[in-house]
Amino acid sequence: MVAEAFEFVAVPFNFDGWGPPDASDVSSSASSTSVAAANLLPNVPFASFSRSDKLGRVADWTRNLSNPSARPPTGSKSDPSAVFDFSAFAIDEGFGLASSGGNPDEDAAFRLVDGKPPPRPKFGPKWRFNPHHNRNQLPQRRDEEVEAKKRDAEKERARRDRLYNLNRNNIHHQRREAAAFKSSVDIQPEWNMLDQIPFSTFSKLSFTVQEPEDLLLCGGLEYYNRVNDRITPKNERRLERFKNRNFFKVTTSDDPVIRRLAKEDKATVFATDAILAALMCAPRSVYSWDIVIQRVGNKLFFDKRDGSQLDLLSVHETSQEPLPEAKDDINSAYSLGVEAAYINQNFSQQVLVRDGKKETFDEANPFANEGEEIASVAYRYRRWKLDNDMHLVARCELQSVAELNNQRSFLTLNALNEFDPKYSGVDWRQKLETQRGAVLATELKNNGNKLAKWTAQALLANADMMKIGFVSRVHPRDHYNHVILSVLGYKPKDFAGQINLNTNNMWGIVKSIVDICMKLSEGKYVLVKDPSKPQVRIYEVPPDAFENDYVEEPLPEDEQVQPPEENTEGAEPSVAAAKETEDKKADEAQA
């Protein structure tokens, strides 16, 4: 195989400076230099430069030479020198500089390499990423300064979004805390705070109790009407009012049966199921509540005040949606609590069989007078063993009885109330029949504490079934007329597991509070749930506290009686401001 000879090309030498010699120098130099000059690429300009000069574009690889009419005759698409063609025609075609006038020596025909990326549109819904944009161009170098500015802009946008969301949430939280910030009892300056227990310690407690002992069963129960189980939103039933029936909310120390059991030394701790349920479900509570504790000798009595929050039913307590702050608003926390209490009482009597048949027990109702019409209720006095030397007796309530499989079964009757679907986000009339689980899940989110207390009371009373009614307003702005949309039944133990209510943890909370109170000296104390923090506090109060000088909750600040000097100073500006407002309204009316 014969190898082709490799022909060496003569390289011209420039005696006057850098780079190849000029054409005039080439023509006057040797013949070898002329041959080398002829071999130079055409249309390649060259300019002497120094280190301080900025280099221009050496080759334009982005030029589109697919149009033959726009291509100069000296170059073709396959011509390797086409990318180096910086003639006037190529400059006008490649860079679009019509102002150059065909003269490549003008400054307008010279373009520097710009490292900055092209301006991008602002981030927003109109901007969309286009992967085919500028696909004919080579990727340009990203300047560090541009990248830094871009990162700063991203951080600023994220900060604004975070502040916007935080402000939106804070509006709800501020209104929520403002509505629930009032304490259930007015803390007096002479009270001495003895202990402060955070709810975080309650979650770790556990105590196992033995099966309780039934001491006494009082009252009378009417039978449950099973027709109510067939109520649907399409076949709703109007909620009736039972004004003639009396309902009793007697505290522990005023119960004659408990006084008798205390004299007989049947136990050392006495309470009611409502008080025990409030203690057992304390970590789930949001609103403030209080329990009066009396230490008499070696006995401990857990009481409630007259008109206490424990007599009312909380509504939307565990919800994130704020309720109106005004107390006279029909959707405020206090108004809804009163409405829910009346709904619960009327519902518990309407779902019964009204044939006069009643199940009686050992003793009659201990709180009813002779000839008085009383509600269907039975009181079950039960005793639990907390320690070798300590027993607890509680009065538990049952509302009805039913015959199931030829056996007598006790029932508790409670009702959930819907006041406005806009607050819960679920319309019971549309979802209760088809999506019952979603409705119950929403109620567990918004009223988790109330449902947990009902379940705890059913477990304490050893009820066989919990009947929960779903009662709604006829109209969202009418809080007097209601309808029953549905009635569901649950077994207390199964429902407790469904809402994650641990029985051992419930009794662990009660046992720990009892142990703390048994170490106190004789006297009166109050256990208060902090209105703004997840904790409870124990105060030592005077013996005559809560007898005549206290109401169910402190009055608002604008209704409280102020000292004369402060009232005098603060009254004049308020009257003047009110007068100015009235004058402005009168002027506007005349205009």
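In this report, we go over the structure that sits alongside the text. What you see is a predicted model, and the numbers here were worked out from it, not measured in a lab.

What counts, and at which threshold
Residues numbered from 1 in each chain as written. Predicted model: local features only at pLDDT ≥ 70, side-chain atom pairs only at ≥ 80, totals over all residues. Heavy atoms only, no water. Pairing = 2+ DSSP bridges. Helix = DSSP H or I, 4+ residues; strand = E, 2+ residues; numbered from the N terminus. Axes fitted to C-alpha atoms, helices over the stretch in contact; angles between N-to-C directions. Parallel < 35°, antiparallel > 145°, perpendicular 65-115°, else oblique. Contact = heavy atoms within 4.5 Å. Nonpolar A, V, L, I, M, F, W, Y, C, P; charged D, E, K, R; others polar. Phe/Tyr/Trp six-rings, centres within 6.5 Å; stacked < 30°, edge-to-face > 60°. Buried < 20%, exposed > 50% of the residue type's maximum accessible area, 1.4 Å probe, protein only. Lys NZ or Arg CZ within 6 Å of the ring centre and 35° of its normal.

What to know about the sheet that holds strand 6 (residues 299–303)
- On the basis of which strands lie adjacent, the open sheet formed by 10 strands has the order 1-15-14-5-6-4-9-8-2-7 and mixed pairing. The open sheet has two free edges, formed respectively by strand 1 (192–198) and strand 7 (358–360), since each of these has just one partner strand. Averaged over all adjacent pairs, the angle separating strand axes in this sheet is 20°, with direction ignored.
- As paired strands, strand 2 (residues 213–222) and strand 8 (residues 377–387) are joined by 7 bridges and run antiparallel to one another.

Looking at the packing of helix 6 (residues 273–280) against helix 13 (residues 503–518)
- At a closest axis distance of 8 Å, the pairing of helix 6 and helix 13 adopts a crossing angle of 100°. As summarised for this structure, helix 6 and helix 13 are arranged roughly perpendicular, according to the angle between their axes. Only Met506, Trp507, Ile509, Val510 and Ile513 of helix 13 make contact with helix 6, whose side of the interface consists of Leu276, Leu279 and Met280.
- In terms of residue class, the contact of helix 6 with helix 13 is built from 8 nonpolar, no polar and no charged.

Comments concerning the packing of aromatic side chains
- Counting across every chain of the model gives 11 aromatic pairs.
- Geometrically, the ring pair formed by Tyr490 and Phe495 is tilted, given 4.9 Å between the ring centres and 45° between the ring planes. Taken as a pair, Tyr490 and Phe495 share a single burial class, namely buried.
- In this structure an aromatic cluster arises from ring pairing among Trp191, Tyr539 and Phe546.
- Over the ring of Tyr223 we find Lys357, and its NZ or CZ is 4.9 Å from the ring centre.

Things to note about the sheet that holds strand 12 (residues 465–475)
- If you walk across this open sheet you meet the 5 strands as 3-13-12-11-10, and the pairing is mixed. Two strands lie at the open edges of the sheet, namely strand 3 (237–238) and strand 10 (400–404), each paired on one side alone.
- The pairing of strand 12 with strand 13 (residues 478–490) spans 9 bridges and is antiparallel. Among the inter-strand pairings, Ser472 is bridged to a residue of strand 13, identified as Val483.

Such coordinate-based values are descriptive only and should not be taken to indicate function.
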